[in-house]
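What the coordinates show
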Amino acid sequence: MQFAAHPSEPESYGPFGLVVTDPDSTTSVPHIWTDWLLFMVPLCIAEMRDLTEAEFDRVRAESSGLIASHGDDAQFGGRHQAGARTAIAKGLAVLARADGGVTALGIHACVRPHAGCPGGVQAAPRVLLSKTTK
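Worth saying up front: this structure is predicted, and the values here are computed from it rather than measured. (Residues numbered from 1 in each chain as written. Predicted model: local features only at pLDDT ≥ 70, side-chain atom pairs only at ≥ 80, totals over all residues. Heavy atoms only, no water.)

**Section: the overall build of the chain**
Along the chain, the regular secondary structure elements total three helices and three strands. Helices and strands appear in the chain in the N-to-C order β-α-α-α-β-β. Residues counted as buried form 32% of the 134 residues belonging to the chain. Counting contacts in the chain only where the partners sit at least 6 residues apart, residues at least 24 apart contribute 63% of the total. When the accessible surface of the chain is split by element, carbon and sulfur atoms take 58% of a total near 8,600 Å². (Helix = DSSP H or I, 4+ residues; strand = E, 2+ residues; numbered from the N terminus. Buried < 20%, exposed > 50% of the residue type's maximum accessible area, 1.4 Å probe, protein only. Contact = heavy atoms within 4.5 Å. Areas by Shrake-Rupley, 256 points an atom, 1.4 Å probe, with all protein chains shown as cover.)

So this is what it looks like as structure tokens:
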């Protein structure tokens, strides 16, 4: 039986899980990449929430194969950029199901509350400052 991290917390974060920026991240991932993951990983979590273990195994195999073959396209562009980036988002969504979730590429994703979750201390989303024009 899965218990909530705190009696007042839910046993799950719902269909989209919890995906937040990692406040302790030391990666040099561009903000646009992190922002894209903050958008895509919850969608992938929701898309995969009703999969069987066999279907998760298929997603794992397809994603890892695509990342291994075309991971450089995800970062630097190329013919397989969209597929490789989507494979990374799907891979993070699969890993979000693990105990404690996953922290990588400047984000943390999990599907249920756990001790030490960065989402519990996330005060506010990252704010981008832009130039204003008169």
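Moving on from the model shown.
**Topic: the packing of aromatic side chains**
Throughout the structure, instances matching the rule amount to one aromatic pair. The ring of Phe56 is capped by Arg97, whose NZ or CZ atom sits 3.7 Å from the centre of that ring. (Phe/Tyr/Trp six-rings, centres within 6.5 Å; stacked < 30°, edge-to-face > 60°. Lys NZ or Arg CZ within 6 Å of the ring centre and 35° of its normal.)

**Quick look at helix α3 (residues 81-95)**
Taking 1.5 Å as the rise per residue, α3 with 15 residues should run 21 Å; its terminal C-alpha atoms sit 21 Å apart, in good agreement. Three or more residues of α3 are buried, namely Ala84, Ala87, Ile88, Ala89, Gly91, Leu92, Ala93 and Val94. Looking at the buried residues of α3, the elements they touch are α1 (31-48), α2 (53-76), β2 (102-104) and β3 (107-110). (Expected span 1.5 Å × (residues − 1).)

**Quick word on the side chain of His114**
Here His114 is to be found in the segment after β3. In this structure His114 comes out as buried when scored by relative accessible area, which is 17%. There is a polar contact of 3.1 Å between the side chain of His114 and the side chain of His108. (Polar contact = N/O pair within 3.5 Å; in protein donor to acceptor, adjacent residues only side chain to side chain.)

**Quick word on α2**
The first and last C-alpha atoms of α2 sit 33 Å apart over 24 residues, in line with the 34 Å expected at 1.5 Å per residue. Of the residues making up α2, those classed as buried are Phe56, Val59, Ser63, Asp73 and Ala74. Contact partners of the buried residues in α2: α1 and α3. The positive-phi residue at the C-terminal boundary of α2 is Gly77, with phi of around 90 degrees.

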